[in-house]
Amino acid sequence: SSNYEYIIVARPEPAVALITLNRPKALNALCSPLFAELNKALLEVDADDAIGAVVLTGSEKAFAAGADIKEMKDKEYSDVFKSRFLEDWAALSKTRKPIIAAVSGYALGGGCELALMCDIILASPTAKFGQPEINLGVIPGGGGSQRLAHIIGKSRTMEMVLTGRNISAQEAEKWGMVSRVVSDGEGQVVKEAIEMAKTIASKGQIAVQAGKEVVNAAYELNLAEGLRFERRIFHGLFATKDQKEGMAAFAEKRKPEFTHS
Ligand code: CO8
């Protein structure tokens, strides 16, 4: 739809948006203008009723090699504090539509954190995840220490954050960071992510977005609050036409036709 410099927005399926990070010379290092474009594209996707799910990907060599080190290197505390440096990254996690990260190659630092902000991660066998900030004299700043600790536990998170070692796609799968490692082949991870997005987009969209909201709540609320929240959202879905249609279709042994209402 729009003209972007650092990303490409495509529509591989009528109900699926594909956003490709496109700054090949810097291995998709996440400079501020790239993030501004990504946020703008996600706002547009979120507002477009015809789109049910989003795939976010990079290149074969790099999903993203981190925040832009050259842009950061001369900044002072007062600069990063006053400009709320990188705070607008959080916009991505406010997107209501599910985002699937299709990761090939390097997902390092902010690139790993970007993948972790997505809802589902599929990895190519070439994917390498890491938080190498320690080698730069800093620590993760985009949620890496917190999100990883929830997902892979303390010891592995400490190892990643304190040694800076990259982990392989296989390790990421074993540790539960990614849903699965797809089979070999150029473009395979994007292909499978688009298929998954298409499946999600074929469901009732109110239920899909409610499902995303309640799963995310598991990372913010305690169990009692989370269970109550889930049940109330579940109750609320009985006010939708999609619930009537979905359950009637089951009883009548036919396929549901969701109207997202
Ligand atoms: N920032 C800026 N430029 C980069 C970055 C980066 N993160 N990564 C790569 N590039 C550039 C290189 O400088 C190089 O540019 P040039 O051709 O002009 O010299 C080009 O991309 C290609 O890179 P390499 O020649 O290094 O390619 P290699 O295949 O030899 O190596 C690596 C690939 C191993 C990925 C290597 O590029 C590397 O180590 N990159 C840096 C990885 C890193 O440290 N990332 C963490 C950055 S810090 C961070 O992300 C903080 C996050 C805070 C987020 C807060 C969010 C709210």
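Since the structure is predicted, the reported quantities are computational estimates derived from the model, not experimental observations.

## Digging into the sheet that holds strand β6 (residues 106-108)
- Taken in spatial order, the four strands of this open sheet run β4-β6-β8-β9, and their pairing is mixed. Every other strand in the sheet has two partners, leaving β4 (62-64) and β9 (167-168) as the edge strands with one partner each.
- Two strands pair when backbone bridges link them, and β6 and strand β8 (residues 128-130) are joined in this way by three bridges, in the parallel orientation. Note on β8: the bridge partner recorded for tyrosine 106 is lysine 128.
- Those strands touched by helix α4 (residues 110-117) are β4, β6 and β8, and its axis lies near 90° from that of β6.

## Topic: the environment of glycine 111
- By the secondary structure assignment, glycine 111 is in helix α4.
- Other than its neighbours up to four places away in sequence, glycine 111 contacts Asn28, Leu30, Phe63, Ala64, Ala65, Gly66 and Tyr106.

## Let's talk about the domain arrangement of the protein chain
- You can read the domains of the protein chain as domain 1 (7-201) and domain 2 (205-251).
- Once you take the C-alpha centre of each, domain 1 and domain 2 turn out to be 26 Å apart.
- Facing the seven residues of domain 1 at the interface are five residues of domain 2.
- Of the residues in the side of domain 1 that touches domain 2, the class split is two nonpolar, two polar and three charged.

## Comments concerning the site of the ligand
- Not every one of the 21 residues close to the ligand is listed here, only the nearest: Ala65, Gly66, Leu86, Gly109 and Gly142.
- Breaking the shell around the ligand down by element, the ones donating at least two residues are α2 (69-72), β6 and α4.
- Across the shell around the ligand, the residue classes tally to 12 nonpolar, five polar and four charged.

## Some thoughts on the environment of valine 178
- With respect to the helices and strands, the residue valine 178 is situated in the loop between α7 (169-174) and β10 (180-181).
- Counting along the chain gives 143 residues from valine 178 to phenylalanine 35, while the straight-line C-alpha distance between them is 23 Å.
- Residues contacting valine 178, with those up to four places away along its chain left out, are Ile121, Leu122, Ala123, Ala172 and Glu173.

## A word on the nonpolar core
- With 66 residues, the main nonpolar core has Val55 and Ile100 as its most contacted residues.
- If we ignore the near neighbours within four places in the chain, the residues touching isoleucine 100 are Ala53, Val55, Cys118, Asp119, Ile120, Leu122, Ala193, Met196 and Ala197.

## Topic: the pairing of strand β7 (residues 120-123)
- The two faces of β7 match: Ile120 and Leu122 on one face and Ile121 and Ala123 on the other face are all buried.
- Sheet topology places strand β5 (residues 99-103) next to β7; four bridges connect them, and they run parallel. By the bridge assignment, alanine 102 is partnered in β7 with leucine 122.
- Relative to β10, β7 is paired through two bridges, and the arrangement is parallel.

## Some remarks on the confidence of the model for the protein chain
- With 99% of its residues at a pLDDT of at least 70, the protein chain reaches an overall mean of 96.
- If you check the scores for this complex, the pTM reads 0.96 and the ipTM reads 0.96.

## Some thoughts on the sheet that holds strand β2 (residues 16-21)
- Spatial strand order, β1-β2-β3-β5-β7-β10: six strands in an open sheet with mixed pairing. The two strands at the open ends of the sheet, each matched to only one other strand, are β1 (7-13) and β10.
- Bridge count between strand β3 (residues 53-57) and β5: four bridges; the pairing is parallel. Paired with leucine 56 across the strands is alanine 101, a residue of β5.
- Of the strands in this sheet, β1, β2 and β3 are in contact with helix α1 (residues 32-47), which crosses β1 at around 30°.
- Its contacts with the sheet put helix α8 (residues 188-201) on β1, β2, β3, β5 and β7, and the angle it makes with β3 is roughly 165°.

## As for the packing of helix α9 (residues 205-217) against helix α10 (residues 223-236)
- Packing of α9 against α10 brings their axes to within 9 Å, and their N-to-C directions diverge by 170°. Classed by the angle they form, the pair α9 and α10 counts as roughly antiparallel. Here Ala210, Glu213, Val214 and Ala217 of α9 come into contact with α10, specifically with Gly226, Phe229, Glu230 and Ile233.
- Tallied by class, the residues present in the contact of α9 with α10 amount to five nonpolar, one polar and two charged.

What counts as what
Residues numbered from 1 in each chain as written. Predicted model: local features only at pLDDT ≥ 70, side-chain atom pairs only at ≥ 80, totals over all residues. Pairing = 2+ DSSP bridges. Helix = DSSP H or I, 4+ residues; strand = E, 2+ residues; numbered from the N terminus. Contact = placed C-beta atoms within 7 Å. Axes fitted to C-alpha atoms, helices over the stretch in contact; angles between N-to-C directions. Domains from an automatic or database assignment. Nonpolar A, V, L, I, M, F, W, Y, C, P; charged D, E, K, R; others polar. Near = placed C-beta within 6 Å. Core = buried A, V, L, I, M, F, W, Y, C linked by C-beta atoms within 7 Å. Buried ≥ 20, exposed ≤ 12 C-beta atoms within 10 Å, placed from the backbone. pLDDT = per-residue confidence, 0-100. Parallel < 35°, antiparallel > 145°, perpendicular 65-115°, else oblique.

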